[in-house]
Number of protein chains: 2
Amino acid sequence: MARTTSEASSSVSGVTQLFQLLRDGVPRTRADLAKATGLARSTVAARVDELMRLGLISPIAEAVSTGGRPPSQFALNPRARLVLAADIGASHATVAVTDLAATVVAERTEPLDITLGPEPVLTWVVAQATALLEGMDRSPRDVAAIGMGLPGPVEHSTGRPVNPPIMPGWDRFDVPGWMRQHLDVPVLVDNDVNIMALGERAVAWPGVDHLMFVKVATGIGSGVISGGGLQRGAQGTAGDIGHVRVARGADVPCHCGNRGCLEALASGPAIARALREQGIAAENGDDVVELVKRGNIDAIQAVRQAGRDIGEVLTTCVSLINPSVIAIGGSMARVGEHLIAGVREVVYTRSIPLATEHLAIVQSTAAQKAGVLGAAMLAIEHALSPDALSSLVSA
Amino acid sequence: MARTTSEASSSVSGVTQLFQLLRDGVPRTRADLAKATGLARSTVAARVDELMRLGLISPIAEAVSTGGRPPSQFALNPRARLVLAADIGASHATVAVTDLAATVVAERTEPLDITLGPEPVLTWVVAQATALLEGMDRSPRDVAAIGMGLPGPVEHSTGRPVNPPIMPGWDRFDVPGWMRQHLDVPVLVDNDVNIMALGERAVAWPGVDHLMFVKVATGIGSGVISGGGLQRGAQGTAGDIGHVRVARGADVPCHCGNRGCLEALASGPAIARALREQGIAAENGDDVVELVKRGNIDAIQAVRQAGRDIGEVLTTCVSLINPSVIAIGGSMARVGEHLIAGVREVVYTRSIPLATEHLAIVQSTAAQKAGVLGAAMLAIEHALSPDALSSLVSA
């Protein structure tokens with residue numbers, strides 16, 4: 001159907017306006033939509049038909065009516081498109097296919113060494129994604145977007161890693177450009193802890209606008225959601241709290257070249273090293289978790305002290321950004337309450353009362369799924385954006 | 001002119017869309033506007049006429065043309081409406097009238113004690129505002145909005161101070177509600193350091209999306225602009241860094257009841273007290289500034305150490321939010337480079353290189369005007385918002 005530019009753009013505008021309302025999944029009638037948008041009933045009816053034709057919304061359970069024929073309700077159809085989510089860590093990677101509600105439909109995790117460099121790692125991602133889609137009898141044409149987390153600072157606007165310390169060969173590599181040569185789909189790239197914050201919010205705190213996700217594992221980092229949005233900072237390093245100095249560690253050297261960094265005192269390897277110095281066999285963070293689970297009192301004390309060190313840094317974070325939730329995740333969070341007890345001890349003692357009055361400090365609910373769900377959220381956010389929808393409608 | 005609801009709302013939508021483009025003050029032709037919005041040329045022409053009729057935009061200097069009749073250009077008319085800006089500190093207050101470009105047209109500053117309580121203080125604000133407007137032969141009807149800064153945490157959505165420590169009688173007081181009984185204009189209220197961040201950006205860093213303004217005076221606080229927006233946090237206490245503990249101060253009691261707070265070591269009164277302990281006459285921060293200006297070496301060293309203490313806290317802030325600008329203001333910033341040298345010394349030594357590579361740490365440009373300009377920006381942001389414009393168009 002041929003349309004003039006202005007007709008097409010006004011139609012696009014009505015469609016996106018309705019869809020931005022319906023994307024939350026809450027069922028609405030045509031009358032609800034007319035009321036919320038101020039559009040004429042006839043316009044709403046036409047736009048609803050167009051969104052149905054595109055498969056983006058579907059009629060659902062009838063609304064309760066006080067008499068006569070009940071009006072139809074509509075909501076986002078989460079099956080309309082798929083997204084791909086890739087969570088790439090230092091030594092493992094996960095690729096998943098999800099629907100538009102971030103429900104995982106298929107998933108694969110394998111050991112993968114980030115130091116292999118971008119082309120081998122991304123080739124693996126493409127191969128896994130293609131295999132997962134084939135296994136579902138779907139093709140890349142059904143994929144609306146790809147979300148990807150990488151273990152280093154990323155310039156989100158271009159999807160390029162920037163001076164990533166543990167990713168040799170990746171600096172300034174055009175990840176979206178390379179990916180699009182193999183899967184012709186929009187690619188959104190972000191730091192892995194940033195996407196964990198998105199995943200944690202989606203799973204456990206959907207209405208929360210101020211959330212900090214702290215990953216404690218081989219390294220320590222955080223993702224900050226503030227004012228409802230992920231905060232990336234001017235160079236994409238926001239949340240990078242692993243190299244803040246803590247008082248206790250003045251003499252402890254860190255791999256970054258400085259001394260007394262949080263990561264050199266409270267990460268999994270740092271706790272293991274402290275235990276070895278006490279004559280306790282602990283090679284790495286996993287060993288520390290095992291010792292704590294077996295009730296080893298020295299390990300429990302070391303983990304609690306690590307929690308206090310993390311709390312010391314988080315106290316400043318609480319004053320600066322005033323979050324309502326701090327979720328602690330990463331492999332060391334598996335030790336349970338001991339780590340979090342140390343964090344709480346310091347944050348609740350040292351922060352101004354008003355900032356902690358309604359602050360929850362909790363273990364991550366999304367746990368090891370936080371990354372892949374956050375990558376899916378990143379892709380879904382793009383796939384349902386007004387821009388993406390406009391190109392779909394006018395195509 | 002009678003219009004149906006849908007016609008009115010579609011007209012409003014076109015008008016706001018055009019105006020959100022034009023409000024930046026950059027002149028544009030009708031063709032520019034049609035291209036940027038995708039609206040039909042005839043629609044653009046009608047909406048431009050409507051904005052002209054409302055006085056919100058005006059034709060300005062003709063565009064250069066390669067031949068024929070040059071197209072007319074349009075831009076925001078900053079004189080279309082006035083805004084009122086009130087910057088209320090602990091012991092002084094300023095009320096100003098500005099235009100929509102935040103140019104101050106009239107202004108008055110007087111000593112005013114915040115502890116008098118809300119009604120006497122706000123009565124003074126109303127009286128000053130009314131007098132300033134009368135002096136210009138204008139009335140409250142010409143005022144589009146009022147922006148106000150208060151020296152304590154404010155719940156921005158309601159405009160109510162929340163547990164403000166130095167404002168007895170103000171807790172939960174409905175500032176906008178009281179103001180509107182006396183001046184029937186929308187009232188936006190925020191913390192005074194938050195609005196200083198807005199003012200500093202408007203004056204010196206208009207394109208910067210990640211800016212931290214640090215006020216060093218009787219107290220120490222900060223305002224954080226991140227991702228382009230002011231970050232207020234879950235309870236409105238974001239930026240409240242005065243009570244973060246610094247290593248050097250373990251034994252120094254703070255008026256908050258804790259020990260070692262930044263404010264107890266690096267504020268104006270704290271530096272004065274440290275100098276008195278060395279036998280140097282310094283009653284307050286103003287005396288410290290005087291001593292430094294006269295070249296007193298002990299005062300210079302004390303100010304530099306205060307800078308280092310502030311830098312210790314800012315190092316964590318830099319890691320967490322990755323700003324591109326830290327502007328240091330407040331009365332103690334008048335000592336010049338000595339304070340900032342101390343801040344830089346620590347922040348550049350202790351932060352991860354990627355976060356400081358492009359970080360400017362500078363003295364505030366807006367200086368004592370930061371608050372009143374920020375209050376004006378708060379009011380202007382509201383006055384030019386789509387919602388405010390819609391009510392104007394449909395009125």
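For clarity, every value in this text was computed on a predicted model and none was experimentally measured.

What to know about the overall build of chain A
Tallying secondary structure elements over chain A gives 14 helices and 15 strands in all. In terms of C-alpha radius of gyration, chain A reaches 24 Å, essentially the compact-globule figure of 21 Å for 395 residues. Reported as C-alpha extents along the three principal axes, the dimensions of chain A are approximately 75 × 50 × 40 Å. Looking at chain A residue by residue over its 395 residues, the buried ones come to 51%. Sequence separation of at least 24 residues holds for 62% of the intrachain contacts in chain A that already meet a minimum separation of 6.

A short note on the interface of chain B and chain A
One frequent convention defines the size of an interface as the accessible area lost when the parts assemble. Taken residue by residue, the interface counts 44 residues in chain B and 45 residues in chain A. Breaking the side of chain B that touches chain A down by element, the ones donating at least two residues are helix H1 (5–22), strand S12 (220–226), strand S13 (229–231), helix H10 (297–321) and helix H12 (353–356) of chain B. Element by element, the count of residues in the side of chain B that touches chain A is highest for H10(B), at seven residues. Broken down by class, the residue content of the side of chain B that touches chain A amounts to 18 nonpolar, 22 polar and four charged.

Overview of the environment of B:Ala274
All names here are of chain B. Considering the arrangement of structural elements, one finds Ala 274 in helix H8 (residues 268–277). On the basis of neighbour counts, which here come to 21 C-beta atoms within 10 Å, the residue Ala 274 falls in the buried class. Taking the C-alpha atoms as reference points, Ala 274 and Gly 311, separated by 37 residues in sequence, lie 19 Å from one another.

Brief notes about the relation of the copies chain B and chain A
Superposing chain B onto chain A takes a rotation of 180° combined with a translation of 0.0 Å along the rotation axis, leaving an RMSD of 0.1 Å. One copy is carried onto the other by what is essentially a two-fold rotation axis. When you check the interface residues of chain B against chain A, 100% turn up at the interface there too, and the contact is symmetric in its surfaces.

Brief notes about the domain arrangement of chain A
You can read the domains of chain A as domain 1 (5–76), domain 2 (82–196 + 372–394) and domain 3 (206–366). Taking only C-alpha atoms, the centre of domain 1 of chain A and the centre of domain 3 of chain A are 46 Å apart.

Comments concerning helix H11 (residues 337–350) of chain A
Over its 14 residues, H11(A) runs 20 Å from end to end, which matches the ideal 20 Å to within 8%, given 1.5 Å per residue. Looking at H11(A), one finds that the buried residues are A:Leu339, A:Ile340, A:Gly342, A:Val343, A:Arg344, A:Val347 and A:Arg350.

What about helix H8 (residues 268–277) of chain A?
Residue and element names in this part refer to chain A. Within H8, burial applies to Gly 268, Ala 270, Ile 271, Ala 272, Ala 274 and Leu 275. Tucked into the core, H8 has its buried residues touching helix H7 (262–266), helix H9 (285–293) and helix H10 (297–321). Backbone geometry just downstream of H8 places Gly 279 in the positive-phi region, at approximately 85°.

Observations regarding the sheet that holds strand S6 (residues 104–111) of chain A
Residue and element names in this part refer to chain A. The strand order across the open sheet formed by five strands is S6-S5-S4-S7-S10, and the pairing between neighbours is mixed. Edge strands, defined here as strands with exactly one partner in the open sheet, are S6 and strand S10 (187–191). On average, each strand axis in the sheet is inclined to that of its neighbour by 15°, with strand direction left out of account. Bridge count between strand S4 (residues 82–88) and strand S7 (residues 143–150): six bridges; the pairing is parallel. When the bridges of S7 are listed, Leu 82 appears paired with Val 143. In the packing of helix H4 (residues 118–135) onto the sheet, the strands contacted are S4, strand S5 (92–98) and S6, and the crossing angle to S5 comes to about 35°. Taken strand by strand, helix H6 (residues 192–204) contacts S4, S7 and S10, and its axis lies near 100° from that of S10.

Thoughts on the environment of B:Ser319
Looking at the secondary structure, you find B:Ser319 in helix H10. You can call B:Ser319 buried: it has 28 C-beta atoms within 10 Å.

Structural notes on the nonpolar core
In terms of nonpolar packing, the biggest core is built from 241 residues, with A:Ala379 and B:Ala379 touching the most fellow members. In contact with B:Ala379, not counting residues within four places along its chain, are B:Val83, B:Leu84, B:Ala85, B:Ala145, B:Ile146, B:Gly147 and B:Leu188.

Topic: the packing of H4(A) against helix H5 (residues 175–182) of chain A
Residue and element names in this part refer to chain A. Orientation of H4 relative to H5, taken along the N-to-C sense of each, is 45°, at an axis distance of 11 Å. The angle between the axes of H4 and H5 places the two elements in the oblique class. For the element pair H4 and H5, the recorded crossing hand is right-handed. Along its contact with H4, which presents Pro 118, Leu 122 and Val 126, the element H5 presents Val 175, Trp 178, Met 179 and His 182. Tallied by class, residues from the contact of H4 with H5 come to six nonpolar, one polar and no charged.

Side note on unusual backbone geometry
One non-glycine residue, A:Ala102, adopts positive backbone phi at about 65°. Tracing the chain through its elements places A:Ala102 in the loop between S5 and S6. Of note, B:Asp137 is a non-glycine position whose phi angle comes to about 60°, a positive value. Note on placement: B:Asp137 falls in the loop between helix H4 (118–135) and strand S7 (143–150).

Thoughts on the confidence of the model for chain A
Residues and elements named next belong to chain A. On average, chain A scores 89 in pLDDT, and the residues at 70 or more come to 93%. Segment residues 1–10: pLDDT under 50, and seven contacts once partners within four positions in sequence are set aside and those in other chains are kept. Under the prediction, the complex receives an ipTM of 0.85, its pTM being 0.87.

Re the packing of H8(B) against helix H9 (residues 285–293) of chain B
All names here are of chain B. Following both chains from N to C, one finds H8 and H9 inclined at 65°, their axes separated by 7 Å at the closest point. When the axis of H8 is compared with that of H9, the two are roughly perpendicular. The way H8 lies across H9 gives a crossing that is left-handed. Together, Gly 268, Pro 269, Ile 271, Ala 272 and Leu 275 of H8 and Gly 285, Asp 287 and Val 288 of H9 make up the contact between the two elements. Along the lines of polarity and charge, the residues of the contact of H8 with H9 split into five nonpolar, two polar and one charged.

Here's the deal with the sheet that holds strand S1 (residues 28–29) of chain A
Residues and elements named next belong to chain A. Strand order in the open sheet made by the three strands is S1-S3-S2, with antiparallel pairing throughout. The sheet is open, and its two edges are formed by S1 and strand S2 (57–60), each paired on a single side. The pairing of S1 with strand S3 (residues 73–76) spans two bridges and is classified as antiparallel. Looking at S3, one finds that Arg 28 is bridged to Phe 74.

Overview of the pairing of strand S14 (residues 325–329) of chain B
Residue and element names in this part refer to chain B. Along S14, five of the five residues are buried, which leaves the element largely enclosed by surrounding structure. Covered by surrounding structure in S14 are Val 325, Ala 327 and Gly 329 together with Ile 326 and Ile 328, the residues of both alternating faces. In this structure, strand S11 (residues 211–216) lies alongside S14, joined through five bridges in parallel fashion. By the bridge assignment for S14, Phe 213 is matched with Ala 327.

Here's the deal with the environment of A:Thr115
All names here are of chain A. The topology assignment puts Thr 115 in the loop between S6 and H4. By C-beta crowding, Thr 115 is classed as partly exposed, having 13 other C-beta atoms within 10 Å. Taking the C-alpha atoms as reference points, Thr 115 and Ala 90, 25 residues apart in sequence, are found 7.8 Å from one another.

About the criteria used
Residues numbered from 1 in each chain as written. Chains lettered and ligands numbered in written order. Predicted model: local features only at pLDDT ≥ 70, side-chain atom pairs only at ≥ 80, totals over all residues. Helix = DSSP H or I, 4+ residues; strand = E, 2+ residues; numbered from the N terminus. Rg over C-alpha atoms; globule rule 2.2 N^0.38 Å. Buried ≥ 20, exposed ≤ 12 C-beta atoms within 10 Å, placed from the backbone. Contact = placed C-beta atoms within 7 Å. Nonpolar A, V, L, I, M, F, W, Y, C, P; charged D, E, K, R; others polar. Least-squares fit on C-alpha atoms with pLDDT ≥ 70 in both. Domains from an automatic or database assignment. Expected span 1.5 Å × (residues − 1). Pairing = 2+ DSSP bridges. Axes fitted to C-alpha atoms, helices over the stretch in contact; angles between N-to-C directions. Core = buried A, V, L, I, M, F, W, Y, C linked by C-beta atoms within 7 Å. Parallel < 35°, antiparallel > 145°, perpendicular 65-115°, else oblique. Left-handed = near helix turned anticlockwise from the far one by under 90°. pLDDT = per-residue confidence, 0-100.

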